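# Descriptive analysis of the structure
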Amino acid sequence: MQKKIFLQKLIKKALIILFWLLVWQLAASMAHNDILLVGPLQVGRSFLGNIVEPDFYRIVFHSLCRIGLGFLTALLFGLAAGACSYRYPYVRDVLSPVITTLKAIPVASFVVLLLIWFGAARLSFLISFFIVFPNVYVNTVAGLQSTDERLLEMARTLGMPGWNRAWYLYRPALMPYLVSCLKISLGMSWKSGVAAEVIGLPAYSLGERLYLSKIYLDTAGVFAWTLTIILLSFCFEKLVMMLVSRIAGWEPPLLGRASKERMSGAVPGIAGCPEAIGEDICVKNVSKAYGEEHVLCGFSCTIEAGGRYCLMAPSGSGKTTLFRLISRMERADEGSIEGAPEQIGMVFQEDRLCESYDTLTNIMLTMDWKETGNQAFRRAKIAKKVREEAVRILPEDCLTKPVSELSGGMRRRCAILRAMLSGADVIMMDEPFTGLDEENRRRTAAYIMEKLSGRTLIVTTHSEQDAELLDAVLLAYPGSIVTASGSRFVHRRQSADGAKVPCS
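None of these values were measured; they are calculated from a predicted model.

Another point: unusual backbone geometry. Within the chain, Y204 stands out as a residue other than glycine whose phi angle is a positive 55°. As for its placement among the helices and strands, Y204 is situated in the loop between α8 (162-200) and α9 (206-215). On the basis of relative accessibility, which here comes to 26%, the residue Y204 falls in the partly exposed class. Positioned with a positive phi, L217 is a non-glycine residue whose angle comes to about 55°.

This part takes up the pattern of salt bridges. Counting across every chain of the model gives 21 salt bridges. Where E450 meets K451, a salt bridge forms, and the shortest distance between an N and an O atom there is 3.5 Å. With relative accessibility at 43%, the residue E450 sits in the partly exposed group. Because the salt bridges share partners, they merge into one network encompassing E153, K288, R324, E330, D333, E350 and R352.

Below, the discussion takes up helix α7 (residues 149-158). In terms of burial, α7 is a largely internal element, seven of the ten residues being buried. Within α7, the full set of buried residues consists of L151, L152, E153, M154, A155, T157 and L158. With a side-chain oxygen positioned 2.9 Å from the backbone nitrogen of R150, the residue opening α7 is D148. G159 occupies a position one or two residues after α7 and carries a positive phi of about 75°.

Its location among the elements puts P40 in helix α2 (residues 40-51). Along the primary structure P40 and L22 are separated by 18 residues, whereas in three dimensions their C-alpha atoms are 8.6 Å apart. Among residues more than four places away in sequence, those in contact with P40 are L21, W24 and Q25.

Criteria and thresholds
- Residues numbered from 1 in each chain as written.
- Predicted model: local features only at pLDDT ≥ 70, side-chain atom pairs only at ≥ 80, totals over all residues.
- Heavy atoms only, no water.
- Helix = DSSP H or I, 4+ residues; strand = E, 2+ residues; numbered from the N terminus.
- Buried < 20%, exposed > 50% of the residue type's maximum accessible area, 1.4 Å probe, protein only.
- Salt bridge = Lys/Arg side-chain N within 4 Å of Asp/Glu carboxyl O.
- Polar contact = N/O pair within 3.5 Å; in protein donor to acceptor, adjacent residues only side chain to side chain.
- Contact = heavy atoms within 4.5 Å.

So yeah, pure geometry; function would need other evidence.
Written out as structure tokens, the structure reads:
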């Protein structure tokens, strides 16, 4: 069926092309002037005559090298400059007037100036470069800026290696911008490059042959060389877009962070030590407000290393804000937080998964690896171990599916696996059992308990049952209670009727 549809489309395109060739031939016959207009048959004969000339391939090769190299150089420099501008805003400020000027200067002015400064031999290369570079630069910056900030927060919190961020977070955001830019820039580079050759007349160039055909009033030659340029441009565009498509679909080897010596297994939590790991987290008189709304006021508590804590409070009372402060996603207005590690195994309120990648890849993106050997070997060995872990709380058939195809409960368990296997000393989960039925809730809680291996666990929830499942110290709300460490858990004061009272 698909083959039949393909043949129908092919025949339709062939008939359309044939129709316009007939119209062209009819117009040429009516003109009766080979200088004014020639038909497709004459152009075809001239094109075939050019192909058999010894210098034809030399001409094609020289123009292809000049224009193609100019395009590729502009692509590489545009990507590099765009990435630097995204990373360092002052670079973007410095380059802004340059990019604006390059976009505003007419091509003719470029050609004249560059011809004076560099001569004809380098003209088409430079013109292609300066035409393409601003487009690639602008779209690179825009594409990188479109990266989901929530995923970037996840990457920073869980300690995702820079290579993995570049290929699995930034690349998907950049590709639509880059593809759109290249489709326009490829044609522009050839048009401007050949125009520069027509003006500069470098030896053995397509522009030189176009100019000579014009001088000798060889209209068929003009059409034939134009056809050559169109075919070269088409083939070059297809080649570049094919390579870009391959890069867009390529999943490079994942890189793991340097594994911690305390871990005795390749997957964190599989075989760990039972004693407490890391430091106590001391939250001292922390306050945080958003505009006029005070969320935390003089909040203080101590989270003991290796302890399990379950924070219960109504929605909007600051649980998530506390998590964001401890994980350094935000800074407190007042007070301090000591002992919080750089890397935290975080389960966010939203799953924050990379939608186009499968479950195993999402888990492995933030892991630290202890395996040695080449990347392919390490990935295969780690993937096998992760699969063995994942099937304990997830169906096996969902592990190789893109997470965008998973149910809410499966996505939630994927996020939990990612946090538990990240190798972090502190695990923080914001309402982790949302969307799970009773059976999966109990199974997942048992898995978390088994894999803690002495690490600190802090969970927010609305259910006391969750605290029981995790055998956690319950930090209740309203009022203040004494935690297991003996320090006081202090939150915003309440009035008698339960209404929130602003901080004094």
